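Structural overview for review
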Amino acid sequence: MSRLAAAFAKDRPALVTFVTAGDPTPDATPAILDALVEGGADVIELGMPFTDPMADGPAIQAANLRSLGAGTRTADILRIAGDFRSRHPDVPLVLMGYANPMTIRGADWFASECAQAGVDGVICVDIPPEEDGEIGPALRDCGISLIRLATPTTDAMRLPTVLNGSSGFLYYVSVAGITGTQQAALDTIEDAVGRLKSATDIPVAVGFGVRTPEQASDIAKVADGVVVGSALVELVARHGADAAGPVRDLTGMLAEAVHAAR
Amino acid sequence: MNANQPNSFRNQPDEFGHFGQFGGRYVAETLMPLILELQREYEKAKTDPTFRDEFESLLEHYVGRPSPLYFAPRLTEELGGAQVWFKRDELNHTGAHKINNCIGQILLAIRMGKTRIIAETGAGQHGVATATVAARFGLPCVIYMGAKDVERQQPNVFRMRLLGAEVVPVESGARTLKDAMNDALRDWVANVHDTFYIIGTAAGPHPYPELVRDFQSVIGREARQQMLDRTGKLPDLLVAAIGGGSNAIGLFHPFLDDPDVKMLGIEAAGHGLDKEHAASLAGGRPGILHGNKTYLLQDEDGQIAEAHSISAGLDYPGIGPEHSWLKDIGRVEYDSVTDDEALEAFQLLCRTEGIIPALEPSHAIAAVARVAPRMGKDEIILANLCGRGDKDIFTVADALGVKL
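Residues numbered from 1 in each chain as written. Chains lettered and ligands numbered in written order. Predicted model: local features only at pLDDT ≥ 70, side-chain atom pairs only at ≥ 80, totals over all residues. Heavy atoms only, no water.

Some points on the UniProt feature "active site" (unreviewed entry) in chain A
Residues and elements named next belong to chain A. As recorded in UniProt, the feature "active site" (unreviewed entry) lies at Glu-45 and Asp-56. With respect to the helices and strands, Glu-45 occurs in strand 2 (residues 43–47). Relative accessible area serves as the criterion here: at 0%, Glu-45 is assigned to the buried category. Those residues in contact with Glu-45 that sit more than four places away from it in its chain are Val-16, Thr-17, Phe-18, Val-19, Val-94, Met-96, Ile-123, Phe-169, Tyr-171 and Val-227. Inspection of the secondary structure puts Asp-56 in the loop between strand 2 and helix 3 (58–69). (UniProt positions renumbered as here; feature names shortened; annotations may be inferred. Helix = DSSP H or I, 4+ residues; strand = E, 2+ residues; numbered from the N terminus. Buried < 20%, exposed > 50% of the residue type's maximum accessible area, 1.4 Å probe, protein only. Contact = heavy atoms within 4.5 Å.)

Some words on unusual backbone geometry
Across the junction of B:Gln12 and B:Pro13, the peptide omega takes the value -5°, indicating a cis bond. Looking at where B:Pro13 falls in the secondary structure, it is placed in the segment before strand 1 (18–19). Here B:Arg65 and B:Pro66 are connected by a cis peptide whose omega angle stands at -5°. For A:Phe208, which is not glycine, the phi torsion reads 85° and is therefore positive. Mapped onto the elements, A:Phe208 comes out in the loop between strand 8 (204–207) and helix 10 (213–220). With relative accessibility at 10%, the residue A:Phe208 sits in the buried group. Non-glycine residue B:Thr94 carries a positive phi angle of around 75°. Topologically, B:Thr94 is positioned in the loop between strand 4 (83–87) and helix 4 (98–111).

Things to note about the sheet that holds strand 11 (residues 285–289) of chain B
Residues and elements named next belong to chain B. Read from one edge to the other, the open sheet built from four strands follows the order 1-2-12-11, with strand pairing classed as antiparallel. Taken across any chain shown, the strands that pair with only one partner, and hence form the sheet edges, are strand 1 and strand 11. Sheet topology note: the strand 2 (residues 22–26)/strand 12 (residues 291–296) ladder contains two bridges and is antiparallel. In the sheet register, Tyr-26 faces strand 12, and the bridge partner there is Gly-291. (Pairing = 2+ DSSP bridges.)

This is the structure:
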């Protein structure tokens, strides 16, 4: 069983946590990733910084700029991922980011670097199924999951397109909007997750706007996983190179709430 | 034309919005259903005579089309070579070619039942044109504009506000056009249910590059007919400035299958191609940004570089995907002009023809001044005078060291 499948196969909902690679510096990221694992995160999403993060709200935009300002390069991110894999052989690691940094040296190059670094899955925000003719096959050939996003605007007619070729888990973006915005109403999320689960066997994780253990717990009652990003990134913004402790504490509270939700 | 070239240069893009390897629909999933709906609606509108009649009627009676085709005798004499003609799109309502596209897009917005308009703007010309059509049709309108551009284009900011638009200064990134486009996309993704995004140039996710080109092609269609009527022949060379490239593609597209018409697109070389500039074709390479694959200024990791041009309308690190394709297949030649050359050309046109051009077409005029002397007196250059320069007099005064 793959690391991602195993993370969702436990008899409890999974906590998926996001931080931006190289924020505040490439040297500070390993300790922050370790803190996520120690706090009890089941899946780690590592954001690849981009100059133009169109789908992100202010918190993650600022994290992207801090990281790039600290001189983070793609090579640093792949090294951070590879070192993480050495330290944590069993924790699934997903790279999340934008098309241009992922494809600029060619999709095959990126997929093979990911495979070498022990990356389990890739989320590319601005490559919809219609445009994944290169990166999709490249990732699949390397055994890496292509994690797709479904949103409130993904209707029944379109859903099969999104699900076709999707693997690892399905990331349900609970609000039509950017990261870190208001959370959607719980009953809406429950309906949406229900529709998705009736259409696919892969796990459904819900993200965007989930900030507190209470919110995470509510969502964990209806979904296979809960994604928390901006709230953790804000801790990194506040504590900088000393963020590992606060990140561990919040992750611990989130993990407890998510794992005990049902 | 050799065997490797297509039968027609005018049948792009394919059904997926690809111009060769360029273009496409690189957007977040939230926007995909809307992009697909826009494409379906545009396909229907294209063949709907009611839509076409309304578009053409507004262009005639509201915008003031057709714009004149003007022979520039004193500039021609001064340059001492080819005859220089201008397509006078600076005489349009709102002072630039941008309004052609805005009329088309707001008609689409209304057709789709959208009740709120957003747009990005660089120099402010597209923002003014969008605010204008929003006022004309009574729809609320939010314009995203880089904070740096807000500072250097105050008259246009005031115009937009007079027209009832809300102007949001964008503080992220380099605080220019690229960042304004990011924030417009963020707004759109959060408001897809009621909002129509009027993109100002022939770029962005499919079908925008196609529909903006189609709406702007009125420039080339008119110019082609006017030139035939006046001279009995087609021009030898077309010249237009390129930021995203909407005025250039609008002029070029109707001529693409006329094999004897050469075309020259002019990018902004800013302080010089070895320094800060905005010439994506000359100094960039293919990548993905703002919904399409195209030439971009970027580093080896694919991080987008800041562009620079004295002209806020050309200050963008990308270019419309059709230009990337036309460059790669060799149908259109591309070159660049520096800030200083554009400033000189700006003054040259003021002095010789009594026309104050915008800084954007000043780049095209500089290229005309470069190539006309090398051409014969029986040859014809047609350049697109895509905007007037009233908005730029403060920038120009500043660059010339004049205190107003």
